[in-house]
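# Close look at the chain arrangement
The primary structure of each chain is shown beneath.
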Amino acid sequence: MDRGSKMGQNELDGGRRERPNAAIRCLEHSILKCPGRENDDGYELSLKRFIPVVLLLLTLVTLTLIPDVMAGDPSGAKTLEENSRAPVDYVWVLMSGFLVMFMQPGFAMLEAGFSRAKNVTNVLMKNLMDFSAGSLVFFAVGYAIMTGTPAFFLTGDAYDVDTVLNWFFMMVFCATAATIVSGAIAERPKFSMYLIYSVVICAVIYPIYGHWVWGGGWLSSSSFMIDLGGGYGALDFAGSGVVHALGGFVALAACMLLGPRIGRYDSGGKPIPIPGHNISLAALGAFILWFGWMGFNPGSTLSAHELRISIIAANTTLSAAAGAMASMSITWTKFGKPDIVMTINGAIAGLVAITAPCAWVAPWAAVLIGIVAGFVVCYGYWFLERNGMDDVVGAVPVHGFNGIWGLIALGLFADGTYGNSAVEGPLVTGLLYGNPGFFACQLISAAVISIWAFGTGYLLFYTLKRTVGIRVSPEEELMGLDISEHGIVTYPDFVYTEPARPARVIRMSEAPSSDEDENGNEPGTEGD
Amino acid sequence: MKKIEAIIRPEKLNEVKAALERENHFSMSVMEIRGRGKQKGAMLTWRGTEYLMEMVPKVKIEMVVRDESAEKVVEIIRRSAYTGKIGDGKVFVLPIEEAVRVRTGERGEDAL
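All values derive from a computational prediction rather than experimental measurement.

Each helix and strand in chain A was counted, giving 22 helices and 2 strands. Here chain A holds 528 residues, and 47% of them are scored as buried. For chain A, the proportion of contacts with a sequence separation of at least 24, taken over those separated by at least 6, is 77%.

Here it is, written out as structure tokens:
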């Protein structure tokens, strides 16, 4: 460690100049083996080697510190005895949770399709690892912060079927927030930096705002907010704010600090499109997200006994459809042809916008909310693009801007037919139905989430920029992150499926030599 | 012997192939290529913004035929690949020195 801190500054600067050369050599020689890379990165590797060990030790030490008191109900027998209606609710929440988890491949396919072929492995790796790292971190600390309980590592009282059910459902939501940022900053960030980001958002940024709204925190439960709202504080049914605006505004901060991809703007600052490599994957991803949202929104009742779920499901789909229609119409009238990229964004924008109000608005309002979402996403994207923000998949307008719109829409259109996740009152009523106080609550919540997410996101990525660095070198970026960050290509052009030549000759061919072996035979004749 | 290299619209391949077949010209190699002409490519849109696709997808047909058939083959390709719009492609005719059939060792026009 001593050596590391002493050499840190020089090595980091020098390392960034050296690495591209190593990576280019690696392309010239052989893609799979990277000669020279280990030497150039010797310093970084020596530190990296200790990371898993340190993590493991920390985990073990923490685990032994926590007494395993069996105050909860780990078998579920007691819970079932007390509540015979529990099984159907468990199945409902778990099935919905599985659907929300299935949004991860949706995001992965959408982002992969909108990226260039040379960066697809990197995009997929980010999606795989933010879910993996995120769920572990949410298990270790995130859930405890979010609920304001000592449920670290789900031990003690938290080792309980009810608590763990709740944890599982909240965890898949947390991972959704984390993965939103990946698409906005695709094709240029350092992978190692992205891992650190995933840990921080799931451990701190997400759970703290989540606690304010869903964990009994001040936005939902302080007496000031409850008086203002008329019996309930700021609400967010399934997470337009908690999940989507949070991810979207962290993504905005990351985009600003990363800067646009090379070639995204010409010398005069005029945007040049960088088309994604596979629209089929992107459309598949959008459909998967839409499908997964059927768990995201209706599942957030956390009970199958809330029959409002049918209306929630209908609202969810109507808003997405209206968002897609609006985006398609905008691009069609503006450019003469309907643009699928914007239309895909429009459908997801509709889903994001209905996420907060889905339980409290009528189906006709869901359609209106979706239409507005389509406008917000198109003009939001072009506004960002004009201002130098290179958001590859449109995550900021889709999740950030429409997350805010969802919170506001709830304050406008809540029609007083359903309570706070309950059929009993106080029924949630918005501005159009005579409750300006609740509308004010929602405005406060919207302001708080944008400031919180953008502020913490900016702080995090600024710190990372000043320490480990957040962006790969221009050479690595041009080569593609698949090779420079992972040493692999997503779509190998030409591969042997069986050895065409004796393996010995293939190994030798790495050195500059002729195709003939030492006996002067043509390669391949030996085994015939 | 002459080699015909025809660069045509990908969607016209089946039509050209059928037209050649009707005149008993079966042998050919076909490859998917990308290229451009004087227009320097074609304009496409992404999120409503236009961008230049510099290299446009095309199909290239390569055939080696007897000297006396060359003119006729060129004419068949020209007629069947024609739409009248920019991007219909080009046909090149090259002399061929020798041809060898791998299986029998036949040479020259017999190998075609």
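This is not the end of the story, as more comes after the structure.
Let us now look at the interface of chain B and chain A. With 6 residues of chain B in contact, the opposing surface of chain A contributes 12 residues. When residues of the side of chain B that touches chain A are traced back to their parent elements, those giving at least two are strand 3 (42–46) and strand 4 (49–53) of chain B. Tallied by class, residues from the side of chain B that touches chain A come to 2 nonpolar, 3 polar and 1 charged.

Next up on the list: the pairing of strand 4 of chain B. Residue and element names in this part refer to chain B. Examined bridge by bridge, strand 3 and strand 4 share 5 bridges and lie antiparallel to one another. Opposite Ala42, over in strand 4, you have Met53 as the bridge partner. Count of turn residues in the strand 3/strand 4 antiparallel hairpin: 2 residues, of which Arg47 carries a positive phi of about 55°.

So, on to the packing of helix 16 (residues 340–355) of chain A against helix 17 (residues 363–386) of chain A. Residue and element names in this part refer to chain A. For the pair helix 16 and helix 17, interaxial distance at closest approach is 8 Å and the crossing angle is 130°. Taken together, the axes of helix 16 and helix 17 lie oblique to each other. The chirality of how helix 16 crosses helix 17 is right-handed. Mapping the contact onto sequence places Met342, Asn345, Gly346, Ala349, Gly350, Val352, Ala353 and Ile354 in helix 16 and Ala366, Ile369, Gly370, Ala373, Gly374, Val376, Val377, Cys378 and Tyr381 in helix 17. For the contact of helix 16 with helix 17, the per-class residue count stands at 12 nonpolar, 5 polar and no charged.

Quick look at the sheet that holds strand 2 (residues 29–35) of chain B now. Residue and element names in this part refer to chain B. Judged by pairing direction, the sheet is antiparallel, and its 4 strands sit side by side in the order 2-5-1-6 without closing on themselves. Two strands lie at the open edges of the sheet, namely strand 2 and strand 6 (89–95), each paired on one side alone. Ignoring strand direction, the axes of neighbouring strands in this sheet form an average angle of 20°. Two strands pair when backbone bridges link them, and strand 1 (residues 2–8) and strand 5 (residues 56–65) are joined in this way by 7 bridges, in the antiparallel orientation. Bridged to Ile4 within strand 5 is Met63. Contacting strand 1, strand 5 and strand 6, helix 2 (residues 67–80) crosses the sheet at an angle of about 5° to strand 1.

Counting residues in hydrophobic clusters, the biggest one holds 141 residues, and the most contacted among them are Leu246(A) and Ala251(A). Of all the elements, helix 10 (residues 191–214) of chain A adds the most residues to this core, at 13 residues. When neighbours within four sequence positions are excluded, Ala251(A) is seen to be in contact with Ile180(A), Val181(A), Ala184(A), Ile185(A), Ala395(A), Val396(A) and Gly400(A). Formed by 12 residues, the second largest nonpolar core is a distinct cluster that contains Ala6(B), Val65(B), Val73(B) and Ile77(B).

Turning our eyes to something else, we now look at helix 6 (residues 86–101) of chain A. Residues and elements named next belong to chain A. Here helix 6 contains 16 residues, and its C-alpha end-to-end distance of 22 Å stays within 8% of the 22 Å for a straight helix at 1.5 Å per residue. Trp92, Val93, Ser96, Gly97, Leu99 and Val100 are the residues of helix 6 that are buried. Looking straight down helix 6, one finds that the buried residues subtend no more than 160° of arc, so they occupy a single side. Packing partners of the buried residues in helix 6 comprise helix 7 (103–114), helix 9 (161–184) and helix 14 (279–296).

A separate point is the confidence of the model for chain B. Chain-level statistics for chain B give a pLDDT mean of 93 and a share of 100% at 70 or above. Both scores are available for the predicted complex, with the pTM at 0.81 and the ipTM at 0.70.

Once that is clear, we can look at the pairing of strand 2 of chain B. Residues and elements named next belong to chain B. The element strand 2 is barely covered by neighbouring structure, given that only 0 of its 7 residues are classed as buried. Taken together, the 7 bridges between strand 2 and strand 5 define a ladder with antiparallel strand orientation. If you follow Gly35 over to strand 5, its bridge partner there is Val56.

Okay, the packing of helix 7 of chain A against helix 9 of chain A next. Residues and elements named next belong to chain A. Interhelical geometry of helix 7 versus helix 9 gives an angle of 5° and a closest axis separation of 10 Å. Classified by the angle their axes make, helix 7 and helix 9 are roughly parallel. Together, Met103, Gln104, Phe107, Leu110 and Glu111 of helix 7 and Ala175, Thr176, Thr179, Ser182 and Gly183 of helix 9 make up the contact between the two elements. A class-by-class count of the residues in the contact of helix 7 with helix 9 yields 4 nonpolar, 5 polar and 1 charged.

The next thing to look at is the environment of His211(A). Residue and element names in this part refer to chain A. In this fold, His211 is placed in helix 10. What makes His211 buried here is the crowd of 20 C-beta atoms within 10 Å. Separated by 31 residues in sequence, His211 and Val242 have C-alpha atoms that sit 9.2 Å apart. In this view, His211 contacts Ile145, Met146, Gly148 and Gly217; residues no more than four positions away in its chain are not counted.

So, how was this worked out
Residues numbered from 1 in each chain as written. Chains lettered and ligands numbered in written order. Predicted model: local features only at pLDDT ≥ 70, side-chain atom pairs only at ≥ 80, totals over all residues. Helix = DSSP H or I, 4+ residues; strand = E, 2+ residues; numbered from the N terminus. Buried ≥ 20, exposed ≤ 12 C-beta atoms within 10 Å, placed from the backbone. Contact = placed C-beta atoms within 7 Å. Nonpolar A, V, L, I, M, F, W, Y, C, P; charged D, E, K, R; others polar. Pairing = 2+ DSSP bridges. Axes fitted to C-alpha atoms, helices over the stretch in contact; angles between N-to-C directions. Parallel < 35°, antiparallel > 145°, perpendicular 65-115°, else oblique. Left-handed = near helix turned anticlockwise from the far one by under 90°. Core = buried A, V, L, I, M, F, W, Y, C linked by C-beta atoms within 7 Å. Expected span 1.5 Å × (residues − 1). Arc of directions from axis to C-beta. pLDDT = per-residue confidence, 0-100.

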